[in-house]
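As a plain string of letters, each chain reads:
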Amino acid sequence: MAAISGITSHLSFTVLRKLLSLPSMLTTHFVRSTSSQPDLQAIRDELEKFQGGSVDLEMDDQSGIAIMMLNNPKRLNSLTGKMMVDMANHITALEKWSLGKGLVLVGASGNFCSGGDLTFVRKALHYGEEMAAFQHDTLTRLLNLPLVSVALLQGHTLGGGAELSTACDFRVMSSSARLGFVQIKMGLTTGWGATTRLVHLFGRQKALGLLTSAKVFSAEEAEKEGLVDHVLSYALQPEEELSVCKNWLASNYCGYDADLTQAVKSSVVHCDLSGDLIESLRNERRVFGQFWGGSAQRVALEAKIKHK
Ligand SMILES: CCCC(=O)SCCNC(=O)CCNC(=O)[C@H](O)C(C)(C)COP(=O)(O)OP(=O)(O)OC[C@H]1O[C@@H](n2cnc3c(N)ncnc32)[C@H](O)[C@@H]1OP(=O)(O)O
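So, here's what we can say about the structure. (Residues numbered from 1 in each chain as written. Predicted model: local features only at pLDDT ≥ 70, side-chain atom pairs only at ≥ 80, totals over all residues. Heavy atoms only, no water.)

1. Brief notes about helix H15 (residues 295–302)
Okay, so step 1: Burial analysis of H15 places just 0 of its 8 residues in the buried class, a small minority of the element.
Okay, so step 2: Positive phi appears at Lys304, one or two residues downstream of H15, with a value of about 45 degrees. (Buried < 20%, exposed > 50% of the residue type's maximum accessible area, 1.4 Å probe, protein only. Helix = DSSP H or I, 4+ residues; strand = E, 2+ residues; numbered from the N terminus.)

Set out below in structure tokens:
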């Protein structure tokens, strides 16, 4: 009972009542599964069985910017199990991309993502914590990629789709798009890690408000709330908006050498994850030493650059 009492201090009575009214084996499951390490390979194999849609990746060595596209347009790019596995595989490839500087995460046909594919969700009701473990691993790796990432929010960005958007460094929103963390309306809390990322991004109070209100924001409201970094104020075709977003990323955050851009992002991630200033400064010093006296610095010195 100690494990249960340890958990009860964090559960609201409503949730607790529901939990304890469940058959004891489920309660045991809840306690058991919080202590065991998930077998991501086994979960991957299981998720792959839930077919439908794809996630496609285009890596442009020339620009150093990749486009990762959620491709399930008939279902507003909601994610099936197979799409979750596709995304994980692409992130592994991006982790190794030596010429990479940036990534645009976008949905096909002018819509970002309408969350978990409800057909998949209905078939996977027995598999929630395992799916969550897989998505937590994938989206943490996405956020920590040595690239500058931006999510292009067009059409609907709801539930899990809104969660995906928090796993990118920046968010650009189409003027007619809508964004909402609607999980609570679906009888759920966040399954893909957004609670943790929202508290980290915006602080406890704003995170709590977003998640308990299930408010769906217009682009104007989202920008006012600081949920997105840029709104595309002119109504363009979806493909034109993707091109504008890619140029926004390239001109603002991917204008320099890939190795420098990757080193800066990796140092930011290291500091964020270490939570230890001394350790972070030690890492920063190590990275600085890699570039001091290097070819990029020598070229810049020769050019006598004036930063006007
Ligand atoms: C762990 C993750 C948990 C979560 O993500 S919880 C949130 C899950 N997502 C949802 O509940 C969104 C449900 N969908 C909606 O609210 C509406 O479709 C939405 C996005 C407001 C768009 O409304 P409308 O513009 O009227 O378009 P519509 O409803 O006719 O949708 C067009 C076609 O897309 C389909 N669709 C939309 N969201 C989906 C989803 N999540 N899973 C599977 N199919 C989905 C929808 O069924 C419709 O297809 P069809 O024309 O009926 O064949």
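There is more to say, and it comes next.
2. Quick notes on the sheet that holds strand S6 (residues 170–174)
Okay, so step 1: On the basis of which strands lie adjacent, the open sheet formed by 6 strands has the order S1-S2-S3-S4-S6-S9 and mixed pairing. At either margin of the open sheet sits one strand with a lone partner, and together these are strand S1 (54–60) and strand S9 (230–232). Mean inter-strand twist for the sheet, computed between neighbouring axes without regard to direction, equals 20 degrees.
Okay, so step 2: Against the sheet, helix H12 (residues 238–253) engages S1, strand S2 (65–71), strand S3 (102–107), strand S4 (148–153), S6 and S9, with an angle of about 155 degrees to S4. (Pairing = 2+ DSSP bridges. Axes fitted to C-alpha atoms, helices over the stretch in contact; angles between N-to-C directions. Contact = heavy atoms within 4.5 Å.)

3. Looking at the environment of Gly102
Okay, so step 1: If you trace the backbone, Gly102 turns up in strand S3.
Okay, so step 2: Relative accessible area serves as the criterion here: at 0%, Gly102 is assigned to the buried category.
Okay, so step 3: In sequence terms Gly102 and Leu301 are 199 residues apart; their C-alpha atoms lie 26 Å from each other.
Okay, so step 4: Setting aside its immediate chain neighbours within four residues, Gly102 contacts Gly64, Ile65, Ala66, Trp97, Leu147, Val148, Leu249 and Cys254.

4. Some points on the site of the ligand
Okay, so step 1: Neighbouring the ligand are 16 residues; Ser78, Ser114, Gly116, Leu118 and Gly160 lie closest to it.
Okay, so step 2: In the model, an oxygen atom of the ligand is placed 2.9 Å from a nitrogen or oxygen of the Gly160 main chain.
Okay, so step 3: Compared with its free state, where it exposes 960 Å², the ligand has 58% of that area covered by protein.
Okay, so step 4: Looking at the shell around the ligand residue by residue, the class counts come to 6 nonpolar, 7 polar and 3 charged. (Near = heavy atom within 4 Å. Polar contact = N/O pair within 3.5 Å; in protein donor to acceptor, adjacent residues only side chain to side chain. Areas by Shrake-Rupley, 256 points an atom, 1.4 Å probe, with all protein chains shown as cover. Nonpolar A, V, L, I, M, F, W, Y, C, P; charged D, E, K, R; others polar.)

5. Here's the deal with the pattern of salt bridges
Okay, so step 1: According to the stated counting rule, one finds 10 salt bridges in the structure shown.
Okay, so step 2: A salt bridge links Asp60 to Lys246, with the nearest nitrogen and oxygen atoms 3.7 Å apart. Of this pair, Asp60 sits in strand S1 while Lys246 is found in helix H12, placing the two residues 186 residues apart along the sequence.
Okay, so step 3: What makes Asp60 partly exposed here is its relative accessible area of 26%.
Okay, so step 4: In this structure, the salt-bridge partner of Asp86 is Lys82, at a minimum N-O distance of 2.9 Å. Linking Asp86 with Lys82, this pair stays in helix H5 (residues 81–95), spanning 4 residues, or about one helical turn. Of the two residues examined, Asp86 and Lys82, each falls in the buried class. (Salt bridge = Lys/Arg side-chain N within 4 Å of Asp/Glu carboxyl O.)

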